[in-house]
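The primary structure of each chain is shown beneath.
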Amino acid sequence: MGSSNVDWEIEEGIPQVDDPFIQQYLKGRTSLILEEQKQRYDTNLRKTLSPVAAKACEIVSKIRARELTTLGLDERDSVQLNKNPMYMPHLTRDQVQRSGLWKILQKMPKGSLLHAHMDTMFDIDFVIEEAFLTPGVHIYAAKPFITQHDYKEGLFYFQYSPRIQNLENEPTLWEASYKPSTLISLQKAASSFPNGGGVGFRDWLKRRCIFTSEYSHRQHRADDRLNIYKTLSVVINSLLSYESIFRPCLRRMFSRLTADGINYVELRNSFAFPYRREGSAAAEEDYSEWCRVFQEELQRFMSTEEGQNFCGARIVWTTSRTLSNRAISDSMVQCILAKQDFPEVICGFDVTGQGDYARSLVDLVPILFWFRKQCAEEGVDIPFLFHVGEYLGGGEQTEHDLFDAILLGSRRIGPGESLYKHPLLLELVKEKKILIECCPVSKGVASPTDSISSLLSRGVPVSLCSYPTVISEHGMDGLTAEFWRALQGPDNLELPGLAMMVENSIRWSCYEDQSTVEWLSDIREGILGGGLKAARLQEWYASFEKFCEWIALEFETDI
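What counts and how
Residues numbered from 1 in each chain as written. Predicted model: local features only at pLDDT ≥ 70, side-chain atom pairs only at ≥ 80, totals over all residues. Heavy atoms only, no water. Pairing = 2+ DSSP bridges. Helix = DSSP H or I, 4+ residues; strand = E, 2+ residues; numbered from the N terminus. Axes fitted to C-alpha atoms, helices over the stretch in contact; angles between N-to-C directions. Patch = residues over 30% accessible without salt bridge, like charges linked within 9 Å, V, L, I, M, F, W, Y side chains within 5 Å. Areas by Shrake-Rupley, 256 points an atom, 1.4 Å probe, with all protein chains shown as cover. Salt bridge = Lys/Arg side-chain N within 4 Å of Asp/Glu carboxyl O. Buried < 20%, exposed > 50% of the residue type's maximum accessible area, 1.4 Å probe, protein only. Right-handed = clockwise from strand over helix to strand, strands pointing away. Phe/Tyr/Trp six-rings, centres within 6.5 Å; stacked < 30°, edge-to-face > 60°. Lys NZ or Arg CZ within 6 Å of the ring centre and 35° of its normal.

Looking at the sheet that holds strand β1 (residues 112–117)
Alright, step 1. An order of β1-β5-β6-β7 is seen for the four strands of this open sheet, with the pairing classed as parallel. Each edge of the open sheet carries a strand with a single partner, namely β1 and β7 (346–352). Sheet twist, expressed as the mean angle between neighbouring strand axes with direction ignored, is 20 degrees.
Alright, step 2. Where strand β6 (residues 312–320) lies against β7, six bridges are found, and the strand directions are parallel.

Here's the deal with a nonpolar patch on the surface
Alright, step 1. On the surface, Val 17, Tyr 25 and Leu 26 cluster together to form a nonpolar patch covering roughly 310 Å² of accessible area.
Alright, step 2. Note on placement: Val 17 falls in the loop between α1 (3–12) and α2 (20–38).
Alright, step 3. The class for Val 17 is exposed, based on a relative accessible area of 57%.

Topic: the sheet that holds strand β9 (residues 412–415)
Alright, step 1. Reading across the sheet, the four strands line up as β8-β9-β10-β13 and stay open at both edges, with parallel pairing between neighbours. At either margin of the open sheet sits one strand with a lone partner, and together these are β8 (386–388) and β13 (462–464). Here the strands of the sheet are splayed against their neighbours by 30 degrees on average, with no regard to which way each runs.
Alright, step 2. Pairing geometry for strand β10 (residues 435–438) and β13, over three bridges, is parallel. When the sheet's bridge partners are listed, Glu 437 is paired in β13 with Ser 463.

Section: unusual backbone geometry
Alright, step 1. Residue Pro 415 follows Gly 414 across a cis peptide bond; omega there is -5 degrees.
Alright, step 2. Along the polypeptide, Pro 415 turns up in strand β9.
Alright, step 3. Phi is positive for Ser 181, close to 70 degrees, though the residue is something other than glycine.
Alright, step 4. With respect to the helices, strands and loops of the structure, Ser 181 is situated in the loop between β3 (156–160) and β4 (184–185).
Alright, step 5. Since its relative accessible area comes to 44%, Ser 181 is described here as partly exposed.
Alright, step 6. Unusually for a residue other than glycine, Lys 433 sits at a positive phi of about 55 degrees.
Alright, step 7. Mapped onto the secondary structure, Lys 433 falls in the loop between α18 (423–431) and β10.
Alright, step 8. For Lys 433, a relative accessible area of 29% gives the class partly exposed.

Details of the pairing of β9
Alright, step 1. Both β8 and β9 contribute to a ladder of three bridges, which runs parallel. Within the sheet, the bridge partner assigned to His 387 lies in β9 and is Gly 414.
Alright, step 2. Where β9 lies against β10, two bridges are found, and the strand directions are parallel. By the bridge assignment for β10, Arg 412 is matched with Leu 435.
Alright, step 3. Considered for its hand, the β-α-β crossover made up of β9, α18 and β10 is right-handed.

Observations concerning the pattern of salt bridges
Alright, step 1. Per the stated rule, a full pass over the model turns up 30 salt bridges.
Alright, step 2. Glu 556 serves as the salt-bridge partner of Lys 55, at 2.5 Å between the closest nitrogen and oxygen. Pair noted here: Lys 55 is in helix α4 (residues 51–70) and Glu 556 is in the segment after α23 (532–555), with a separation of 501 residues, a long-range link.
Alright, step 3. Classification of Glu 556 by relative accessible area gives partly exposed; the value is 40%.
Alright, step 4. Note that Glu 297 and Arg 300 form a salt bridge whose closest N and O atoms lie 3.3 Å from each other. In this pair, Glu 297 and Arg 300 both sit in helix α14 (residues 288–302), three residues apart, roughly one turn of the helix.
Alright, step 5. Accessibility expressed as a relative area gives 0% for Glu 297, which makes it buried.

Thoughts on the packing of aromatic side chains
Alright, step 1. Scanning all chains against the criterion turns up 39 aromatic pairs.
Alright, step 2. Ring centres of Phe 132 and Phe 201 lie 6.2 Å apart, and the angle between their planes is 80 degrees; this geometry places the pair in the edge-to-face category. With Phe 132 in helix α8 (residues 124–133) and Phe 201 in helix α11 (residues 197–207), the pair connects residues that are 69 residues apart, well separated along the chain. Of the two residues, Phe 132 and Phe 201, neither departs from the other in class, the shared state being buried.
Alright, step 3. On the basis of an interplanar angle of 75 degrees and a centroid distance of 6.1 Å, the ring pair of Phe 246 and Tyr 275 is categorised as edge-to-face. You can see Phe 246 sitting in helix α13 (residues 243–259) and its partner Tyr 275 sitting in the loop between β5 (264–269) and α14, a full 29 residues away along the chain. An identical accessibility class is assigned to Phe 246 and Tyr 275; each is buried.
Alright, step 4. Taking NZ or CZ as reference, Lys 533 lies 3.9 Å from the ring centre of Trp 519, over its face.
Alright, step 5. Geometry around Tyr 511 places Arg 536 over its ring, the cationic atom sitting 5.2 Å from the centre.

Listed below in structure tokens is the structure:
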């Protein structure tokens, strides 16, 4: 400021910066800013960072800032990525995956994946190939596929049958004379496909198993998107209900999780289709055999060199809200039986589904209390891990389900995107130590990731989750992609923020069955505890330190 301006201000009586009371104001302002920074969700983690880790965090921030320019992302793109995780402006998969930030995040140890619906976890190309390699796989539907609507949205299923189905002159699924629910061999269905034969069939089948870009835009109603998801879900689940396909797909899934830096996963599975053993025409009466195969393949993978750092996988048993109480109770009984036979496999219970035909959580309270009573009588503990608070553009059911989830003692809530609108529930979630499993891309539905920042800023524990390839054709899948997106927004989380969410994912993992008292104790004690969870945290922090050392060595000269 020029001397003439200073003289004018003094003459007018305008206070100067070095005046004692202005200095006092500035001192108070600085103290207020520092006090708020102390309450950041990642404050304690930042305090404990080693010099090498702190340097790595600084390097990542600089690389992120540089690549916003080199990748051609302007401020508008940054805002769009923050609001819509499926927004990929002009970028290709190869462009992103060649970037330094992607290479860094791909190597980051990501802890646990806690909100993963099993039908979204498989490599669809691999599943389809396994189906064609497996003898006895058949396709069927309730009606022939004639119209474009049939091909686009018609329901169809797969089933194993040892009998050779279909004489040469019998009609196929693509003919008006097809008899409803008749099994057609997969090979015959493919070769007779009217739009390109076998190649066209494979392409059509894959598109019916993924959430294509035309359905990811906001102009589609939420219920329409959910209905589309249901159709692709039944196709995948029917394929995986046969042991010969299920086993290799499990191994493939565990391998992909490990490659993404994940060492533990909890998978939600609906058990909607009868399970068949290899070579058996008769379906199993329960799902104990399914659990046995799951446990066997998991242990087999963990015994390999590739899986030596994989800590495990467990199942959250789910049932649909669209069912009657009788059907839900049948599913609950099956869940208890599976838990008794394979206690290490089943770790929780959930009711899933929202939309026009789904029931509210409060409507299910009586049957949920009945389930608790049955568990107590049978001597098993199966905690609630509810899927509620999904962003569907509003609605009382979505909002009120959050109240019931908390009152019913859910240990985690996912995706909980609408929680930020409820100040009282925010405090209850913190008080009761409930984790929010945030899923920025949920069944192909773009949802606002600024709700994550909002929850974190209020001290709510959050973990970042993901839905892999099955829901999206652009190929940007897994937690690496979600971590990359989280660093692109204008209020990006930075590496310490991501690390804090990884720590949360480990603290709230159901590695073993625990009473409520044991569960809360382990969460409070964290890395200072003496149990399995504390050991997992210690292992992760050691891995994170090595990761930071690698960043410092690999990228120091690049910035």
